[in-house]
Amino acid sequence: MQFPQTVDNNKNNERKDENNNTENEVACQGPSNEIQEVESVESTMHNNELDSDTILREDPALWPLQLKENERMKYLNKGCAFFQNKDSNFESSKRMFKNQYRYYSVQYFQKVMNNGEKCDRKWLMFPESTGCVFCYVCKLFSTDFDNVFVKSGFYNWKKAKQTIFGHENSKEHIQCMIKWIEFIKQNTHVDEYMVTQIKREFNYWSAILNRIVAVIRFLARRGLAFRGHNEVIGSSNNGNYLGMLELLTQFDPVLKQHIDFFANKGKGNVNYLSKTICEELIYIMSQKVLTHIITEIKRAKYWGIIVDSTTDISHVDQLSVIFRYYLIGHVYERFFCFLQIKSHEGKSLITDILDLLERYNIEITNCRGQAYDNASNMSGKYSGLQARLKERSELAFYIPCAGHSLNLVGQCSISECINSINYFCVLLSLYSFFVASTHRWDLLKGNHALNHTLKRLSDTRWS
């Protein structure tokens, strides 16, 4: 009877062991499943973070306007090609313009150079989320947060060509490109193509500008007219400026290529051939000369002033101002400017001159001489210009114009001598007689015994 009991005990023990094993397995499986679930949740959260981070990296439209330094470095290290989306079908760029749909085109990722060569616009990005285009370098470096290529993206495809071209030639974009290239150089990943492209553009326009400036200086030094009746390249009436540039193309292949490509293209094309650029360059040169004269006057410290009024072809009364000074062993007389005046009275003239000196920060107390003609408004002892200027600078001695004084003496002397009056009257009559007929003038010129010719009498010049 004991044997069955032993067997039952063994069975009971086996059942207990199985139950214990089952409980142990369940106990072991419970924490394992919890760990796996926690790890699964953490993995999912991590993947979500990665996905969110990936979206942030790949979509420039989600970049904040003001990037932190670590964010900027992350995008810079990723490179611009990562964000361009050149392989997109550009469906998200669909926009309606006057009952017509327009799309962004892959051709905008390339720029056509003046010589026909094509180069990639590596800075252009197309995020599919917005269907707009952004500028890679301006998003990273620009402080102009109102720029459409930085803030919201550009999508006016009707004006895409000119707008993208205008942006890449803007000052802000070029500065951002330089910062980007400097970063690339610092990280020893030099984009040789981009650097070469910028250098090529710089060298090309520098060469063109040097030639144009040389022509402007040549014409300005000789006082020749710049413009003609039109601004058409190839016209015989386009003036000295364009005419000289056309002449140089016969010997200068660089200038010839430039004019052949840009000639007569009208407004909106950068070519440095228009009258606007010409006048701007003339102004810049004049300011440079003016600054040099002012610097010399201040170095010399003491100076004299010579002024005289004249009327130009448009009947504008103006005062020609000349400074005379001594510097490093030489005496210089420099024409300074034309000063438009409203009155010839001494009071008005001294006001205009003092305003001019104050504008260029030239001390009136350093004036040591003044020279004008003998007109009463200039040489008057009490209210003339010389007297009023001497009130501001006691050592500004007045010296009347020697040529004008000599002319006045000559006129007064001759007017008091009857023989001289008769002599000049006969000369004037002879001149009037011969000049009235070309036949008489030919007879006069044909007489080889005469070594001189007749001239009209002048009140201000002896010849």
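Residues numbered from 1 in each chain as written. Predicted model: local features only at pLDDT ≥ 70, side-chain atom pairs only at ≥ 80, totals over all residues. Heavy atoms only, no water.

A. View of the nonpolar core. Counting residues in hydrophobic clusters, the biggest one holds 35 residues, and the most contacted among them are Y104, Y136, V137 and W180. Taken together, the elements giving at least two residues each to this core come down to α2 (69–78), β5 (124–125), β6 (134–135), α3 (136–141), α4 (160–168) and α5 (171–186). Excluding its chain neighbours within four sequence positions, the residues that come into contact with V137 are W123, S142, H173, C176, M177 and W180. (Core = buried A, V, L, I, M, F, W, Y, C linked by side-chain atoms within 4.5 Å. Buried < 20%, exposed > 50% of the residue type's maximum accessible area, 1.4 Å probe, protein only. Helix = DSSP H or I, 4+ residues; strand = E, 2+ residues; numbered from the N terminus. Contact = heavy atoms within 4.5 Å.)

B. Local environment of the side chain of N147. Here N147 lies in the loop between α3 and α4. The class of N147 is buried, set by a relative accessible area of 14%. One polar contact links the side chain of N147 to the main-chain amide nitrogen of F149, over a distance of 3.0 Å. (Polar contact = N/O pair within 3.5 Å; in protein donor to acceptor, adjacent residues only side chain to side chain.)

C. Spatial organisation of the side chain of S320. Topologically, S320 is positioned in strand β8 (residues 317–327). If we ignore the near neighbours within four places in the chain, the residues touching S320 are I306, V307, D308, F335, C337 and F338.

D. Representation of unusual backbone geometry. With a phi close to 75°, K301 is a non-glycine residue in the positive phi region. Positive phi, close to 50°, is recorded for I328, a residue that is not glycine. By the element assignment, I328 lies in the loop between β8 and β9 (330–340).

E. Region of interest: the state of the cysteines. Applying the stated criterion across every chain yields a total of 0 disulfides. The thiol sulfur of C176 is not disulfide-bonded, and the nearest other cysteine sulfur, from C138, lies at 4.2 Å. A residue is classified by how much of its surface remains accessible, and C176, at 2% relative accessible area, is buried. (Disulfide = S-S within 2.5 Å.)

F. Just the layout of surface pockets, in detail. As a volume, the largest pocket reaches approximately 1,600 Å³. If you trace the largest pocket, you find 43 residues lining it, with K111, F165, E168, N169 and E201 closest to the centre. Going through the elements one at a time, β3 (110–112), β4 (118–120), α4, α5, α6 (192–221) and α8 (253–262) are the ones with two or more residues in the lining of the largest pocket. Taken together, the residues of the lining of the largest pocket sort by class into 20 nonpolar, 10 polar and 13 charged. (1 Å grid on protein atoms, 1.4 Å probe; cavity = no way out; pocket = protein on both sides within 12 Å on 5 of 7 lines; lining within 4 Å. Points joined across faces, edges and corners; volume = space filled by probe spheres on them. Nonpolar A, V, L, I, M, F, W, Y, C, P; charged D, E, K, R; others polar.)

G. Structural detail: a nonpolar patch on the surface. A cluster of nonpolar side chains, M96, Y101 and Y103, forms an exposed patch at the surface whose accessible area comes to about 310 Å². Counting through the fold element by element, Y101 comes out in strand β2 (residues 101–102). (Patch = residues over 30% accessible without salt bridge, like charges linked within 9 Å, V, L, I, M, F, W, Y side chains within 5 Å. Areas by Shrake-Rupley, 256 points an atom, 1.4 Å probe, with all protein chains shown as cover. Salt bridge = Lys/Arg side-chain N within 4 Å of Asp/Glu carboxyl O.)

H. Quick look at the pattern of salt bridges. Scanning the model with the defined rule gives 9 salt bridges in all. Two residues, D252 and R211, come together in a salt bridge whose shortest N-O distance is 2.3 Å. Taken together, the residues D252 in the loop between α7 (239–248) and α8 and R211 in helix α6 connect sequence positions 41 residues apart. Among the residues examined, R211 registers a relative accessible area of 25% and is labelled partly exposed. The shortest N-O distance in the salt bridge between R227 and E279 comes to 2.9 Å. With R227 in the loop between α6 and α7 and E279 in helix α9 (residues 275–300), this pair connects stretches of sequence that are 52 residues apart.

I. Spotlight on the sheet that holds β8. On the basis of which strands lie adjacent, the open sheet formed by 5 strands has the order β9-β8-β7-β10-β11 and mixed pairing. Each edge of the sheet is formed by a strand with only one pairing partner; in this case those strands are β9 and β11 (397–398). Pairing of strand β7 (residues 303–311) with β8 involves 9 bridges; the strand directions are antiparallel. Of the residues in β8, the one forming a bridge with T311 is D317. Relative to β9, helix α10 (residues 346–359) is tilted by about 115°, and along the sheet it contacts β7, β8 and β9. Sheet strands touched by helix α12 (residues 385–392): β7, β10 (367–371) and β11. Its angle to β10, the strand with the most contacts, is close to 175°. (Pairing = 2+ DSSP bridges. Axes fitted to C-alpha atoms, helices over the stretch in contact; angles between N-to-C directions.)

J. Geometry of the confidence of the model for the chain. With 84% of its residues at a pLDDT of 70 or more, the chain has an overall mean of 80. Overall, residues 1–16 carries pLDDT values under 50, and its contacts beyond four positions in sequence, including any with other chains, amount to 0 contacts. This stretch, residues 18–56, has a pLDDT under 50; its non-local contacts, to residues over four places away or in other chains, come to 6 contacts. (pLDDT = per-residue confidence, 0-100.)

K. Geometry of the packing of α10 against α12. Put simply, α10 and α12 touch, their axes get as near as 8 Å, and they point 45° apart. Accordingly, the angle class assigned to the pair α10 and α12 is oblique. By crossing handedness, the relation of α10 to α12 is classed as right-handed. Judged by residue contacts, G346, K347, L349, I350, I353 and L354 of α10 engage L385, R388, L389 and R392 from α12. For the contact of α10 with α12, the class distribution of residues is 6 nonpolar, 1 polar and 3 charged. (Parallel < 35°, antiparallel > 145°, perpendicular 65-115°, else oblique. Left-handed = near helix turned anticlockwise from the far one by under 90°.)

L. View of empty space enclosed by the protein. Per the counting criterion, the structure on display carries 1 cavity of 30 Å³ or more. Here the largest cavity defines a volume of roughly 60 Å³. Of the residues that constitute the lining of the largest cavity, the class distribution is 5 nonpolar, 4 polar and 3 charged.

M. Layout of the pairing of β10. With 4 bridges connecting them, β7 and β10 associate as parallel partners. Paired with G304 across the strands is G369, a residue of β10. The pairing of β10 with β11 spans 2 bridges and is parallel. Residue pairing for β11: Q370 is matched across the bridge by Y398.

N. Summary view of the environment of A387. In this fold, A387 is placed in helix α12. The spacing of A387 and F397 is 10 residues in sequence and 9.6 Å in space, taken between C-alpha atoms. Other than its neighbours up to four places away in sequence, A387 contacts G380, K381 and Y382.

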